[in-house]
Amino acid sequence: MTTIDAGVQTPKKQKQSQLRRLLWHVNRTDLGWVTKTAIASMQPGARTKRRAVLEQLPTAPEWSAASRQLDHDGYVDVSSLVDRSLAQAVLDVGQSKVARLDELSAKQQLGHKSFWVSLLDEDLVNGAFATDHPFVRYALQPGMLRIIGDYMHDLPQLSDVLLTLSRPTENKALSYSQLWHLDHDDKRVCKLFIYLTDVRDTADGPFTFIPAPPSRSFRNTIKSHMSDDKVFAKVDRSAVKELVAPRLTSFIVNTARCLHMGSRILSERTRLLYTATYIQPPRMYPEPAPRFRAAGPLSDVERAVMRL
């Protein structure tokens, strides 16, 4: 048996990594739509089937209104539209994780974002969440799927769920998602957020963004992450929206269209945030390993959304 050092990529993995990097650069430009169309053309009939599944979801006037706002502005507050019992379940999980912060931080495989800690690693089995996990159930709410699906004109694909605790960054240079950027998970990306702590003012590091219309000037920006000076040389500061709000505030943002940043925590404060990421299939990049594993009965819609 040949042993491969964990730090050395096989030729196959190297090719996949190079392909992902190439697609990431393409996806940053309008050429990404050409690639997306080409990938979709290799799956004839798939979108028709997904739209048929989408139509199995119920409808509501307030969901339709939210979808229209998401389409026009790139964001919408859905706090009044979510299931409060599911939101409370997410909060309970979040608080239980924070109570074990030191233990979970020590186990985490630290990445480049030293300003926040991912707290759900222990909930994964072979990299996948059980479908009965509160974080997954929150992302599968019919209202949220309908709002995002009607905006995308397609059944969305749930890509991931995440719990992060942002920590103080005083006296440290801003980096990565603390700088202004667009997300390039795919061409259409919607993220469902819940504040699990009160975000009272700027010192709590609120999610901060520029709505879709004024963000258009950054659509083909080569620079990945930008400083305030570079952004405000092109857009007036009055366009910025800073989401200062109490815990359990929930909102959807198309982070591929809305320039955004966050986690600029000051003093001794922290910010606990839930994030669910949805893309419009087919995925631009090679499909990763399954992120969800079936636990209990699932509807046809849920199976399609999670590719199970």
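Everything numeric here is computed off the predicted structure, so don't read it as measured data. (Residues numbered from 1 in each chain as written. Predicted model: local features only at pLDDT ≥ 70, side-chain atom pairs only at ≥ 80, totals over all residues. Heavy atoms only, no water.)

**Student:** Any chance you could break down helix H4 (residues 61-73) for me, citing the residues and the numbers?
**Tutor:** Here H4 spans 18 Å end to end across 13 residues, near enough to the 18 Å set by a 1.5 Å rise per residue. Listed as buried for H4 are Trp-63, Ala-66, Ser-67, Leu-70 and Asp-73. Along the axis of H4, the buried positions cluster into a sector of 155°, meaning they face one direction only. Facing away from the buried side of H4, by more than 90 degrees, are the exposed residues Pro-61, Arg-68 and His-72. At its buried positions, H4 is contacted by strand S1 (75-77), helix H8 (142-152), strand S5 (189-195), helix H9 (212-215) and strand S8 (250-253). Two residues or fewer past H4, Gly-74 is found with a positive phi of approximately 90°. (Helix = DSSP H or I, 4+ residues; strand = E, 2+ residues; numbered from the N terminus. Expected span 1.5 Å × (residues − 1). Buried < 20%, exposed > 50% of the residue type's maximum accessible area, 1.4 Å probe, protein only. Arc of directions from axis to C-beta. Contact = heavy atoms within 4.5 Å.)

**Student:** Mind laying out the nonpolar core, listing which residues take part and the relevant values?
**Tutor:** Residues Leu-158, Val-161, Leu-196, Ile-252, Tyr-274 and Tyr-278 are the most contacted members of the largest nonpolar core, which totals 51 residues. Counting residues per element, this core draws most heavily on H8, at 6 residues. Residues Phe-209, Ala-212, Val-253 and Leu-273 belong to the second largest nonpolar core, which totals 12 residues. (Core = buried A, V, L, I, M, F, W, Y, C linked by side-chain atoms within 4.5 Å.)

**Student:** Describe the packing of H4 against H8, naming the residues involved and giving the relevant values.
**Tutor:** Between H4 and H8, whose axes approach to 8 Å, the crossing angle comes to 45°. Between H4 and H8, the angle falls in the class oblique. Like other packed secondary-structure pairs, H4 and H8 cross with a definite hand, here right-handed. Seen from H4, the contacting residues are Trp-63, Ala-66, Ser-67, Leu-70 and Asp-71; seen from H8, they are Pro-142, Gly-143, Arg-146, Ile-147, Ile-148, Asp-150 and Tyr-151. Its residues assigned to classes, the contact of H4 with H8 shows 7 nonpolar, 2 polar and 3 charged. (Axes fitted to C-alpha atoms, helices over the stretch in contact; angles between N-to-C directions. Parallel < 35°, antiparallel > 145°, perpendicular 65-115°, else oblique. Left-handed = near helix turned anticlockwise from the far one by under 90°. Nonpolar A, V, L, I, M, F, W, Y, C, P; charged D, E, K, R; others polar.)

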